[in-house]
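Inside the fold
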Amino acid sequence: MTVAFDMKEALRYGVHAEIEAKRFYKMWADSVDEEHLKKELLELSDWESEHEASLLNYYEKMYGEKCPIDPDLVVAPELKVQTKDFGDVTSVLRIASAAYLSEMRAMEFYERLEKESKGETAMMFGKIKDMEKEHMDITKKRYLKIREDVVGFRAF
């Protein structure tokens, strides 16, 4: 049995996911003192803003209306963290892991949208998918660095 694919709802979901990710990386950046890490996290936040803008533009172009934003909709509950969590190394390790998994799910989501689309739309989703893959690599690197700091050596 095939599940019907609703592009309109998928785009709305994607917009909300990008908003959450943008806020998450911005909050994390605001909590760190290391300039290189702050810069990296703000760059991720900016990229998520670009994704959000692309999806909003596409939604409006495709459906002739603005995408409804629901402030209560939670797409990635693992990214809903408290500022105090960034002060605890174990919590930061958990947060970094959640960020990686969130980026992996985003990449898979855009990969599906790419496959379900054609032409210019498929190319747009492909570009976002590739950027999410890059985000995965960055968040994995960050996770491994934090883990190395916790255990005192690089385990793998």
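Everything here concerns the structure above.
What this report covers is the structure whose coordinates are included nearby.

Before going further, it helps to examine the pattern of salt bridges. Overall, the coordinates contain twelve salt bridges when judged by the stated rule. Across the pair Glu52 and Lys22 runs a salt bridge, and its minimum N-O distance is 2.8 Å. Of this pair, Glu52 sits in helix α2 (residues 35–63) while Lys22 sits in helix α1 (residues 7–30), and the two are 30 residues apart along the sequence. Classification of Glu52 as buried rests on a relative accessible area of 14%. Look at Lys22 and you get partly exposed, because its relative accessible area is 22%. Across the pair Lys133 and Asp137 runs a salt bridge, and its minimum N-O distance is 2.9 Å. Placement of the pair is Lys133 and Asp137 together in helix α4 (residues 119–151), with a separation of four residues, close to one helical turn. Judged by relative accessible area, which is 41%, Asp137 ranks as partly exposed. Residues participating in the shared-partner salt-bridge network are Glu40, Lys141 and Arg142.

Conventions adopted
Residues numbered from 1 in each chain as written. Predicted model: local features only at pLDDT ≥ 70, side-chain atom pairs only at ≥ 80, totals over all residues. Heavy atoms only, no water. Salt bridge = Lys/Arg side-chain N within 4 Å of Asp/Glu carboxyl O. Helix = DSSP H or I, 4+ residues; strand = E, 2+ residues; numbered from the N terminus. Buried < 20%, exposed > 50% of the residue type's maximum accessible area, 1.4 Å probe, protein only.

As far as function goes, none of this settles anything; it's purely spatial.
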